[in-house]
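Summary of the model geometry
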Amino acid sequence: MVMRISRPMKRAGTKNEQFKKRVPTALLPILRGKKLSIYLPETTAPDSATYMVTVTLSDMITFSLGAPASRLAKVRHAAALGHVEAFLEAAQRGPEDLSHLEITSLLGEIHKALLVQYEADPPARHKIVVDDGVEEWSELSEWQEMISDAEVGILTLTPQGRAAAVARVSRIVDLDAFLSARALVLSGKSYRDLVEGLPATLRRVVETLGQRSHGNYAADPYAAQYPAWKAKTAAARQRGTEEFVKTFDDLFDRWKAADKRAASTISTWRGYVARFKQFLGHDDPHRVERVDALRWKDALVAEGLKKISTTYLAALNTLYRFGLTNSETTGIIRNPFDGVKAPQKATAGTKRLPFTRVEVAVILSAARKEKLAHLRWIPWLQAQTGSRVAEIAQLWATMVITDDAGNPCLNITTAPDGGSLKNEGSERVVPIHPDLIADGFLEFVKTRGRGPLFYGGSKGKAAIQLRDDQKHPSKGVSNRVGTWVRGLGITDKRKGPTHSFRHWFKSELPRIAKCNIRLVDVIQGHAAESDADGYHHAETTEMLEAISKLDLKGMADSAPKAEKLADA
């Protein structure tokens, strides 16, 4: 608790009253030798102009109130006491991290204060005699030199360089005094950001004062660029602290609510976060240091896990990036996972492989004999589109449409009950292969009403809207298709029981249809490799021409009957 002194103090040898206050012992190591500036009223009027008093801090904060015992001395003492206590409270809270907007606002305060101080009487211009004649000199030219020297110091990217920069421009603005006058104690990062923005601000001041010195008092062209500074009250700081995330779950929920996230991502990433919490032994995202992130990375590598950078580390990095971007409400002031990666070389014998033509034939032949809808149709739809199994498993009857040319098509988009796509490029319309139409796929769709094709009951009722963290029911359908494919004898671990259709399609369609690889990408929903590629929009008739050249029926008819796949 900060103790108040109720009245000014007397000092021997002077009639003027003194302000005296002891610096708390715990704060002495960080405040001793620093400057504190305080604005005191010149008169007792409520709207009185002020003047600044600057003191160097030691055990006691002591300075003259500039008036004998009087109402003016009491008014000045009250103003000084309020400011000193606010400054000591700020120091006790610890360094404050400001947003980019707040840093810009503070630079605007410096800009405004210097203009108020100098624009009525800009730094003088003088005529001096040099060897070549008379030359004009202004104190502003010295300011320019100071600013240039400061920029050189800042470019060293060292604390010493920044300190030298601050010292060099101290004749223009005493930065530490400026901050203390606003009861601000900045974090190292925020102080660095403020110093790095200082030269540009001072150059703008010099430019405007140069215009003033030539009699141009038009509106300052830079004033409107700076947002207004809003000093945080103790109550505002307390409210902000209460709103900060307290746990990893808090941070995760804020991130999840900020945008639509795939249910599978939410479920998987919660697992990554839970694993990291267990590793840490605590649940406070604010306490995590870079060394914790590095230690966890090493532990994951030691376990022999794969793709650590794109899974575990990517998830935590994304959460902290979100927290840092929204630091005003989350309280996250650093990203300990920034730049933390686990370089892992892909080893021979691990790359994903496509199905062979024989394997595709076996799958299509077996699917044709199945009575369960997901086993009967999903493999054939994957074979004709090269789609991800999740995209097909979440189809609804309403997503089977007809294009302008009358061709039946799949509208591969987000499902009405929350089924999502991997990315923006995954959304597309793909025509249905004639072999599926001939086998009765459209008649099957009609039996499902307006609901999901492969889940939701035999009558095809619309599924309920999912919670954002609930796995989509098509996930179970996809898994059952994968298990079924494995049961056909396709057991090579390098071949995904559903995903290897995409690899097969990518190489098979260009070979059979002699079509452009970009057309294949569009059919499969693969992202464009360049911005220019993103402007390519294939017609469904163009897609249908290529897809129709895949002889799916012929492949199914040619499937080995008694031979084992291993011998095929």
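Residues numbered from 1 in each chain as written. Predicted model: local features only at pLDDT ≥ 70, side-chain atom pairs only at ≥ 80, totals over all residues. Heavy atoms only, no water.

Check the secondary structure of the protein and you find 23 helices and 9 strands. Expressed as a percentage of the 568 residues in the protein, the buried residues total 44%. Of the contacts formed within the protein by residues at least 6 apart in sequence, a portion of 66% connects residues at least 24 apart. (Helix = DSSP H or I, 4+ residues; strand = E, 2+ residues; numbered from the N terminus. Buried < 20%, exposed > 50% of the residue type's maximum accessible area, 1.4 Å probe, protein only. Contact = heavy atoms within 4.5 Å.)

With that settled, the discussion passes to the sheet that holds strand E8 (residues 408-412). Read from one edge to the other, the open sheet built from 3 strands follows the order E7-E8-E9, with strand pairing classed as antiparallel. Every other strand in the sheet has two partners, leaving strand E7 (400-402) and strand E9 (428-431) as the edge strands with one partner each. Going from strand to strand, the sheet's axes swing by 40 degrees on average, the running direction of each strand aside. Direction of pairing for E7 relative to E8: antiparallel, over a ladder of 3 bridges. Along E8, the bridge assignment pairs Val400 with Leu410. Helix H22 (residues 540-547) rests against E8 and E9 of the sheet, and its axis sits at about 45 degrees to E9. (Pairing = 2+ DSSP bridges. Axes fitted to C-alpha atoms, helices over the stretch in contact; angles between N-to-C directions.)

With respect to the helices, strands and loops of the structure, Trp143 is situated in helix H4 (residues 139-155). Accessibility expressed as a relative area gives 1% for Trp143, which makes it buried. Taking the C-alpha atoms as reference points, Trp143 and Leu202, 59 residues apart in sequence, are found 8.6 Å from one another.

Leu381, Leu410, Phe441, Leu453, Phe454, Trp504 and Leu509 are the most contacted members of the largest nonpolar core, which has 59 residues in total. Every residue in contact with Leu509, bar those within four places of it in the chain, is listed here: Lys514, Cys515, Val520, Ile523, Ala546, Ile547 and Leu550. Judged by nonpolar contacts, the second largest core, of 34 residues, contains Leu107, Leu184, Leu209 and Tyr222. (Core = buried A, V, L, I, M, F, W, Y, C linked by side-chain atoms within 4.5 Å.)

With that settled, consider the confidence of the model for the protein. Mean pLDDT for the protein: 82, with 85% of residues reaching 70 or above. Counting interchain partners and residues more than four positions distant, the pLDDT-below-50 stretch residues 1-6 has 11 contacts. Contacts for the low-pLDDT stretch residues 234-240, under 50 throughout, to residues beyond four places or in other chains number 4 contacts. (pLDDT = per-residue confidence, 0-100.)

Attention shifts here to unusual backbone geometry. One non-glycine residue with positive phi stands out, namely Lys307, at about 50 degrees. Following the sequence through the fold, Lys307 ends up in the loop between helix H11 (290-302) and helix H12 (312-325).

Note on helix geometry: an α-helix contains 3.6 residues per turn, so any two residues three or four positions apart are oriented the same way. Judged by how many residues are buried, helix H21 (residues 517-524) sits mostly within the fold: 7 of 8 residues are covered. When H21 is considered as a whole, its buried residues turn out to be Arg518, Leu519, Val520, Asp521, Val522, Ile523 and Gln524. In this structure, the buried side of H21 is in contact with helix H15 (373-385), E9, helix H20 (500-513) and H22. Here H21 starts with a cap whose side-chain oxygen sits 2.6 Å from the backbone nitrogen of Arg518, and that cap is Asn516. After H21 finishes, the residue Gly525 shows a positive phi value of roughly 80 degrees. (Polar contact = N/O pair within 3.5 Å; in protein donor to acceptor, adjacent residues only side chain to side chain.)

Attention now goes to the pattern of salt bridges. Taken as a whole and assessed by the stated rule, the structure comprises 27 salt bridges. For Asp193, the salt bridge identified is with Lys189, shortest N-O distance 3.0 Å. Of this pair, Asp193 and Lys189 are both found in helix H7 (residues 188-213), 4 residues apart, which corresponds to roughly one turn of the helix. In this structure Lys189 comes out as partly exposed when scored by relative accessible area, which is 37%. (Salt bridge = Lys/Arg side-chain N within 4 Å of Asp/Glu carboxyl O.)

The next point concerns the environment of Glu328. For Glu328, the position within the fold is in helix H13 (residues 327-330). For Glu328 and Ser99, which are 229 residues apart along the polypeptide, the C-alpha to C-alpha distance reads 7.2 Å. If near-sequence neighbours (up to four positions away) are discounted, Glu328 is found in contact with Ser99 and Phe244.

So, about the packing of aromatic side chains. The relative placement of two aromatic rings is captured by the distance of their centres and the angle of their planes. Scanning all chains against the criterion turns up 16 aromatic pairs. Judged by centre distance (5.1 Å) and plane angle (80 degrees), the ring pair of Tyr118 and Trp143 falls under edge-to-face. In this pair, Tyr118 is assigned in helix H3 (residues 100-118) and Trp143 in helix H4, connecting sequence segments 25 residues apart. A residue is classified by how much of its surface remains accessible, and Tyr118, at 18% relative accessible area, is buried. Geometrically, the ring pair formed by Trp377 and Phe441 is edge-to-face, given 5.3 Å between the ring centres and 65 degrees between the ring planes. Taken as a pair, Trp377 in helix H15 and Phe441 in helix H18 (residues 441-446) lie far apart in primary sequence, 64 residues in all. Accessibility classification places Trp377 together with Phe441 in one group, the buried group. (Phe/Tyr/Trp six-rings, centres within 6.5 Å; stacked < 30°, edge-to-face > 60°.)

Let us now look at the environment of Thr325. By the secondary structure assignment, Thr325 is in helix H12. Each C-alpha atom of the pair Thr325 and Ser99 lies 9.2 Å from the other, and the pair is 226 residues apart in sequence.

A word on the packing of helix H10 (residues 263-280) against H12. Running from N to C, H10 and H12 cross one another at 90 degrees; their axes reach a closest spacing of 9 Å. Between H10 and H12, the interaxial angle falls into the category roughly perpendicular. Contacts between H10 and H12 pair Trp269, Tyr272, Val273, Arg275 and Phe276 from the former with Tyr312, Ala314, Ala315, Leu316, Thr318 and Leu319 from the latter. Grouping the amino acids of the contact of H10 with H12 by side-chain chemistry returns 9 nonpolar, 1 polar and 1 charged. (Parallel < 35°, antiparallel > 145°, perpendicular 65-115°, else oblique. Nonpolar A, V, L, I, M, F, W, Y, C, P; charged D, E, K, R; others polar.)

Let's shift gears to the side chain of His111. Along the chain, the position of His111 falls in helix H3. Setting aside residues up to four positions removed in sequence, His111 forms contacts with Thr201, Arg204, Val205, Asp220, Tyr222 and Tyr226.

Between H15 and H20, whose axes approach to 8 Å, the crossing angle comes to 35 degrees. On H20, the residues touching Pro379, Gln382, Ala383, Gln384 and Thr385 of H15 are Phe501, Trp504 and Phe505. A class-by-class count of the residues in the contact of H15 with H20 yields 5 nonpolar, 3 polar and no charged.

Under the 1.5 Å per step criterion, the end-to-end length of H10 is 26 Å for 18 residues, consistent within 8% with the ideal 26 Å. For H10, the complete set of buried residues consists of Ala263, Ile266, Trp269, Tyr272, Val273, Phe276, Lys277 and Leu280. Two residues or fewer after H10 comes Gly281, characterised by a positive phi angle close to 85 degrees. (Expected span 1.5 Å × (residues − 1).)

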